[in-house]
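If you want the building blocks of each chain, they are given just below.
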Amino acid sequence: AQRVTQPEKLLSVFKGAPVELKCNYSYSGSPELFWYVQYSRQRLQLLLRHISRESIKGFTADLNKGETSFHLKKPFAQEEDSAMYYCALSVLGGTSYGKLTFGQGTILTVHP
Amino acid sequence: DAGITQSPRYKITETGRQVTLMCHQTWSHSYMFWYRQDLGHGLRLIYYSAAADITDKGEVPDGYVVSRSKTENFPLTLESATRSQTSVYFCASSDGGQGSHEQYFGPGTRLTVT
């Protein structure tokens, strides 16, 4: 079965500092990876997906199949980036088709 | 974001009572999902549905029942609520088509079982 691990439950940085939220996965096939963000008491919303390879709100993430990682990075953190971030994996076939497996989430706090 | 809605947004119930959480989406998405969000556990899949009248268990299905008689609705019922079911519940939908399995989430229902 697939698994997603976010090793940091809490991450604190100061405004303007670089930030990296780690995500590692285990899956033998070709997964689809996502980052979702949840601002305080709001619904989850898609931040980015590896397929589109786009940058949203200054965040980027590269799928590293060799290291089975999909770390989320931003060169200069802003206070409005404070939120819960979830890494998620979807498989494109088999009995898990269409389902997302989520990591435990990382709470990012950006201090002024 | 009005495409997927949940009701009620907040609910307090007593142990042993039956409670139903509603989820409605207007996109005609094939797939619908129920998750619970708990600190330290992230999001855990309770049940999902690939189409009307097709449902399957997720990671934590015990104590929950779902149905999907119409594509747009996916209610979640707690048959006899327990304190351990105090959580925030999110419904999500996906078109499940080729290329991406992005899921769209509802606003959540905060359920407290006393």
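Refer to the preceding data block for the structure.
Residues numbered from 1 in each chain as written. Chains lettered and ligands numbered in written order. Predicted model: local features only at pLDDT ≥ 70, side-chain atom pairs only at ≥ 80, totals over all residues. Heavy atoms only, no water.

Comments concerning the overall build of chain A
Working step 1: From N to C terminus, chain A includes zero helices and eleven strands.
Working step 2: Ordering the α and β elements of chain A from the N terminus gives β-β-β-β-β-β-β-β-β-β-β.
Working step 3: Its C-alpha radius of gyration of 14 Å places chain A within 12% of the 13 Å reference for a compact globule of 112 residues.
Working step 4: Of the roughly 5600 Å² that chain A leaves accessible, carbon and sulfur atoms contribute 50%.
Working step 5: Side chains of chain A give 13 positive and 9 negative charges; the mean places of these two sets differ by 7 Å. (Helix = DSSP H or I, 4+ residues; strand = E, 2+ residues; numbered from the N terminus. Rg over C-alpha atoms; globule rule 2.2 N^0.38 Å. Areas by Shrake-Rupley, 256 points an atom, 1.4 Å probe, with all protein chains shown as cover. Lys, Arg positive; Asp, Glu negative; His and termini not counted. Charge placed at Lys NZ, Arg CZ, Asp CG, Glu CD.)

Some details on the interface of chain A and chain B
Working step 1: The interface of chain A with chain B comprises 23 residues on the first partner and 25 residues on the second.
Working step 2: Both faces combined, the contact of chain A with chain B buries some 2100 Å², and carbon together with sulfur accounts for 50% of it.
Working step 3: The interface formed by chain A and chain B contains one salt bridge.
Working step 4: Two residues, B:E102 and A:R49, come together in a salt bridge whose shortest N-O distance is 2.8 Å.
Working step 5: Between the two partners, chain A and chain B, sit seven residue pairs in polar contact (both at pLDDT 80 or more).
Working step 6: Mapped onto the side of chain A that touches chain B, the elements with two or more residues apiece are β5 (32-38), β6 (45-49), β9 (83-90) and β10 (100-102) of chain A. (Contact = heavy atoms within 4.5 Å. Buried area = accessible area lost by both parts, 1.4 Å probe. Salt bridge = Lys/Arg side-chain N within 4 Å of Asp/Glu carboxyl O. Polar contact = N/O pair within 3.5 Å; in protein donor to acceptor, adjacent residues only side chain to side chain.)

What to know about the pattern of salt bridges
All names here are of chain B.
Working step 1: Summed over all chains, the structure comprises seven salt bridges over all chains.
Working step 2: The residue E14 makes a salt bridge to R17 at a minimum N-O spacing of 3.4 Å.
Working step 3: Accessibility expressed as a relative area gives 47% for R17, which makes it partly exposed.
Working step 4: A salt bridge links R44 to D38, with the nearest nitrogen and oxygen atoms 3.0 Å apart. (Buried < 20%, exposed > 50% of the residue type's maximum accessible area, 1.4 Å probe, protein only.)

Topic: the nonpolar core
Working step 1: Grouped together as the largest cluster of nonpolar side chains are 25 residues, with contacts concentrated most on A:W35, A:L72 and A:Y85.
Working step 2: Every element with two or more residues in this core is listed here: β2 (10-14), β3 (19-21), β5, β6, β9 and β11 (106-111) of chain A. (Core = buried A, V, L, I, M, F, W, Y, C linked by side-chain atoms within 4.5 Å.)

Remarks on unusual backbone geometry
All names here are of chain B.
Working step 1: A cis amide bond, omega -10°, links S7 with the succeeding residue P8.
Working step 2: With respect to the element layout, P8 can be found in the loop between β1 (4-7) and β2 (10-13).
Working step 3: In this model, D53 sits at a positive phi of 70°, which is unusual for a non-glycine residue.
Working step 4: Of note, D53 is situated in the loop between β5 (42-51) and β6 (54-57).
Working step 5: Judged by its relative accessible area of 65%, D53 falls in the exposed class.

Looking at the sheet that holds strand β8 (residues 76-78) of chain B
Residues and elements named next belong to chain B.
Working step 1: Spatially, β1-β3-β8-β7 is the arrangement adopted by the four strands of the open sheet, whose pairing is antiparallel. Bordering the open sheet on either side are β1 and β7 (64-66), each of which pairs with just one other strand. Shown here is a sheet whose adjacent strand axes are inclined to one another by a mean of 20°, direction ignored.
Working step 2: Pairing of β7 with β8, which is carried by three bridges, proceeds in the antiparallel orientation. Across the sheet, the residue bridging to V65 is T77, located in β8. (Pairing = 2+ DSSP bridges. Axes fitted to C-alpha atoms, helices over the stretch in contact; angles between N-to-C directions.)

Remarks on the pairing of β11(A)
All names here are of chain A.
Working step 1: A one-sided burial pattern is seen for β11, the buried positions being T106, L108 and V110 and the unburied ones I107, T109 and H111.
Working step 2: For β2 and β11, the ladder comprises five bridges, and the chain directions are parallel. Counterpart to V13 in the pairing with β11 is V110.

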